[in-house]
Number of protein chains: 2
Amino acid sequence: MEKLIFIGLGLGNEKGITLKGLEAARSCDTLFMENYTSILEEGSIQRLEKLLEKPIILLDRTGVENEGRMVEASEKSVVGFLVPGDAMSATTHVDLRLRAAENGIPTEIIHGVSVFTAVPGLLGLQNYKFGRTITVPLPEPNFRPTSFYEKALENYNAGLHTLCLLDIKQDRKKFMTANEALEVLGSIEEELHGGLLPPDRLVCVVARAGSDNVMAKAGLFRDMLTENFGGPLHSVVIPGRLHFLEAKALVELAGAPTSILQ
Amino acid sequence: MEKLIFIGLGLGNEKGITLKGLEAARSCDTLFMENYTSILEEGSIQRLEKLLEKPIILLDRTGVENEGRMVEASEKSVVGFLVPGDAMSATTHVDLRLRAAENGIPTEIIHGVSVFTAVPGLLGLQNYKFGRTITVPLPEPNFRPTSFYEKALENYNAGLHTLCLLDIKQDRKKFMTANEALEVLGSIEEELHGGLLPPDRLVCVVARAGSDNVMAKAGLFRDMLTENFGGPLHSVVIPGRLHFLEAKALVELAGAPTSILQ
């Protein structure tokens, strides 16, 4: 009955961790890290190992047996589970916490910075005005879901912004680009004609949130489809009704056309 | 044309800051801090000054002229603006960033951990299933808004969870408790009968998110009204439709009645 500590690593690189997280990670006997729901910049894991003066055991998505290993290790030592972004955003982490609890192992959460608040903040959009978040999946042959489009459309019709998180296939080193996500959304628009994405709809892209070379860009759907946003990770926001200050922020800070101010 | 850096302090105490934020704050010529949209634990500011080896100039809500002072200082030196929680959640901060941009001053954002993701994570609820966030205001004589109740009801009817942030009147050292917020919501329920809060509705409270003495509790509305959640800050969540894993988490980790599993 030792302990399992979930430690959020935040965004960007190894410096996204909080002081509290750093202290806790250093105090752990063993450190695991998941590397598939989000990623840090190249070299971050190696630098984090140096910073923590401890090796980190990397887990991939198929590492369910490794979860068993984590729970087992937590029974007789203090185990840290390092998670890029916030510590508890993925269902599998909640599941892991429950499995620990069922085995009588105390758990603790040390939160990390998340795209859920970083992306709105970078665009100057208010958290309060976002509806539910969607995830845009990479296209797969013979599998064309549209439910995420419908949720974004519901948000839009209610005047709310939509944060669109983009698919990651870490095993194939594939990170969906904003262009790919806009294409997927646009092809569903062509099919369903819901009115979410006419060619002149304002859309926003944030690339590499939390990094030194972050990019926040707002523009018309038709123009953004072919814009180059550079390396991963990308997020997309489809704004609903804009408060004047939000519109001004998108123009001044993200290059939106001044026509949105009228 | 020097620089203005927005630095999120995260939750809890001075150790909620990221390594990136710490380095940036240490490199600033002058540090301001806002102390009214959220708070850190007692003594945190003093300990932060020690950690940063620099004095911190505190601003209150009426310090609009101080914003002018910050913009002015940023023109000829590197200024850090320390903000509890995430750096850009408040409209006034977006406004400040725009004022800096209009004066040709480059700005940078270093994100902090926010209740927006910490509270769902502590309860084991999925971020994706939250509708828009509401703020519950402290009751004022002759001012009884109900719009926040209606937004929460819309979320509930759409099957979505609602994060309720609670009012802070820092100038009066008044932090709304979860009990007060539930009372306000309950009195509107009695008036409008929308069906958001019948006595047996499940509600959740998180107290002191990000602190060592954090508390996450789920229970029936009628019971939670009189429960003691301890010191500030409190947040309330009104869950919508629960996924089985979410319900299990609320039972195992937050003491919800097992009846919600049926």
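The numbering scheme is per chain: residues are counted from 1 as the chain's sequence reads. Here every chain gets a letter starting at A, and every ligand a number starting at 1, in the order they are written. Only residues with pLDDT of at least 70 get local features here, since the model is predicted, and only at 80 or more are side-chain atom pairs given and counted; chain-wide, interface and lining totals rely on the full set of residues. The basis for every side-chain value is the complete set of heavy atoms in the structure, and neither hydrogens nor water enter the calculation.

Student: How would you sum up the interface of chain B and chain A? Please name residues and give values.
Tutor: We call two residues contacting when some pair of their heavy atoms lies within 4.5 Å. On the side of chain A, 51 residues touch chain B, which itself brings 51 residues to the contact. Here the buried area means the combined drop in accessible surface, using a 1.4 Å probe, for two parts upon being joined, counting both sides. Taken over both partners, the interface formed by chain B and chain A buries close to 4,700 Å², and the fraction arising from carbon and sulfur atoms is 62%. On the chain B side of the interface with chain A, the three residues burying the most area are B:Leu19, B:His111 and B:Tyr128, jointly 15% of the side's total. The term salt bridge refers to a pairing of a side-chain nitrogen on Lys or Arg with a carboxyl oxygen on Asp or Glu at a separation within 4 Å. Ionic pairing is found between B:Glu102 and A:Lys248, a salt bridge with its closest N-O pair at 3.2 Å. Polar contacts here mean pairs of N or O atoms no more than 3.5 Å apart (in protein, one a potential hydrogen donor and the other a potential acceptor; neighbouring residues in sequence count only if both atoms are side-chain atoms). At the junction of chain B and chain A, the tally comes to 20 residue pairs in polar contact (both at pLDDT 80 or more). Only runs of H or I of at least four residues qualify as helices and only runs of E of at least two qualify as strands under DSSP, and these elements are numbered from the N terminus. Contributions of two or more residues to the side of chain B that touches chain A are made by helix 1 (19-27), helix 4 (91-102), helix 5 (115-123) and helix 9 (244-254) of chain B. Looking at the side of chain B that touches chain A element by element, the count peaks at seven residues for helix 4 of chain B. Looking at side-chain class alone, the side of chain B that touches chain A contains 21 nonpolar, 17 polar and 13 charged residues. When residue character is reported, Ala, Val, Leu, Ile, Met, Phe, Trp, Tyr, Cys and Pro are called nonpolar, Asp, Glu, Lys and Arg charged, and the others, Gly included, polar.

Student: Describe in detail the relation of the copies chain B and chain A, supporting the description with residues and values.
Tutor: Copies are brought into register by a least-squares superposition over C-alpha atoms of residues with pLDDT of at least 70 in both. Once chain B is rotated about the relating axis by 180° and shifted along it by 0.0 Å, it coincides with chain A to within an RMSD of 0.0 Å. What the rotation and shift describe, once combined, is the action of a two-fold rotation axis. Ranked by how close their C-alpha atoms come to the rotation axis, the residues of chain B are headed by B:Thr18, at 1.9 Å. Most of the interface of chain B is mirrored in chain A, where 100% of its interface residues are also at the interface.

Student: Explain the side chain of B:Glu246 residue by residue, including any values.
Tutor: Residue and element names in this part refer to chain B. With respect to the helices and strands, glutamate 246 occurs in helix 9. The exposure class assigned to glutamate 246 is buried, which follows from its relative accessible area of 2%. If we skip the residues at most four places from it in the chain, glutamate 246 touches Gly124, Leu125, Gln126, Lys129, His161 and Arg241. The cut-offs for exposure are 20% and 50% of the maximum accessible area for each residue type, with area from a 1.4 Å probe on protein chains only; residues under the lower value are buried, those over the upper are exposed, and the others partly exposed.

Student: Account for the environment of A:Lys3, naming residues and giving values.
Tutor: All names here are of chain A. Mapped onto the elements, lysine 3 comes out in strand 1 (residues 3-8). According to the relative accessible area criterion, lysine 3 is partly exposed, its value standing at 28%. Aside from chain neighbours lying at most four places away, what touches lysine 3 is Ser74, Ser77, Val78, Val79, Ile105, Pro106 and Glu108. Here glutamate 108 takes part through its side chain, which lies 2.8 Å from a polar atom of the side chain of lysine 3.

Student: Any details on the sheet that holds strand 2 (residues 30-34) of chain B? Residues and values, ideally.
Tutor: Residues and elements named next belong to chain B. Taking strand neighbours across the sheet as the criterion, the five strands line up as 3-2-4-1-5 in an open arrangement whose pairing is parallel. Two strands in the sheet have a free side with no partner beyond their single neighbour: strand 3 (57-59) and strand 5 (107-110). Neighbour to neighbour, the strand axes of the sheet diverge by 20° on average, direction disregarded. At least two DSSP bridges between two strands are needed for those strands to be called paired. Summarising the sheet, strand 1 (residues 3-8) and strand 4 (residues 78-83) pair through six bridges and their orientation is parallel. Residue pairing across strands places isoleucine 5 opposite glycine 80, the latter belonging to strand 4. Every angle, taken between N-to-C directions, lies between 0 and 180 degrees, and every axis is a line fitted to C-alpha atoms, over only the stretch in contact when it is a helix.

Student: So what's going on with the nonpolar core? Residues and values would help.
Tutor: The biggest cluster of nonpolar side chains holds 85 residues, and the ones touching the most others in it are A:Phe81, A:Leu123, A:Leu250, B:Phe81, B:Leu123 and B:Leu250. The contact partners of A:Phe81, leaving out residues within four places of it in the chain, are A:Leu4, A:Ile5, A:Phe6, A:Ile7, A:Phe32, A:Met33, A:Glu34, A:Leu59, A:Met70, A:His93 and A:Leu96. Judged by nonpolar contacts, the second largest core, of 38 residues, contains A:Leu40, A:Val78, B:Leu22 and B:Leu82. Put simply, a nonpolar core is a bunch of buried Ala, Val, Leu, Ile, Met, Phe, Trp, Tyr and Cys residues held in one set by side-chain atoms that sit within 4.5 Å of each other.

Student: Which residues make up the sheet that holds strand 7 (residues 162-166) of chain A, and what values go with them?
Tutor: All names here are of chain A. Sheet architecture is open: five strands sit in the order 6-7-12-10-11, paired in mixed fashion. Pairing within the sheet leaves two strands with one partner each, and these edge strands are strand 6 (134-136) and strand 11 (215-220). Each neighbouring strand pair of the sheet contributes to a mean axis angle of 25°, computed without reference to strand direction. Bridging between strand 6 and strand 7 involves three bridges; their strand directions are parallel.

Student: Can you lay out the packing of aromatic side chains for me, pointing to particular residues and giving the numbers?
Tutor: Stacked, tilted and edge-to-face are the three classes applied to pairs of Phe, Tyr and Trp rings, where Trp contributes its six-membered ring and a pair requires centres within 6.5 Å; stacked means planes under 30 degrees apart, edge-to-face means over 60, and tilted covers the rest. Taken as a whole, this structure holds four aromatic pairs over all chains when the rule is applied. Look at A:Phe116 and B:Tyr128: their rings are 5.8 Å apart centre to centre, the planes differ by 85°, and that puts the pair in the edge-to-face class. Of this pair, A:Phe116 sits in helix 5 (residues 115-123) while B:Tyr128 sits in the loop between helix 5 and strand 6 (134-136), each in a different chain. Exposure remark for A:Phe116: the relative accessible area of 12% places this residue in the buried category. The class for B:Tyr128 is partly exposed, based on a relative accessible area of 29%.

Student: Account for empty space enclosed by the protein, naming residues and giving values.
Tutor: Think of a 1 Å grid over just the protein atoms. A cavity is a set of points where a 1.4 Å probe fits yet cannot get out, a pocket is an open set with protein on both sides within 12 Å along at least five of seven lines, and lining residues have an atom within 4 Å of a point. Grid points are joined across faces, edges and corners, and a volume is the space filled by probe spheres set on the points. Going through the model one piece at a time under the given rule, you end up with three cavities of 30 Å³ or more. Lining the largest cavity are 17 residues; nearest its centre among them are A:Phe116, A:Phe130, A:Thr133, B:Phe116 and B:Thr133. Contributing elements (two or more residues each) for the lining of the largest cavity: helix 5 of chain A together with helix 5 of chain B. The residue makeup of the lining of the largest cavity, split by class, is eight nonpolar, eight polar and one charged.

Student: A description of the environment of B:Asn228 should follow, citing residues and the corresponding values.
Tutor: All names here are of chain B. Tracing the backbone shows asparagine 228 in the loop between helix 8 (221-224) and strand 12 (234-238). Look at asparagine 228 and you get exposed, because its relative accessible area is 65%. When the C-alpha atoms of asparagine 228 and asparagine 179 are compared, they prove to be 8.1 Å apart, with 49 residues separating the residues in sequence. A distance of 3.0 Å separates a polar atom in the side chain of asparagine 228 from the backbone nitrogen of glycine 230.

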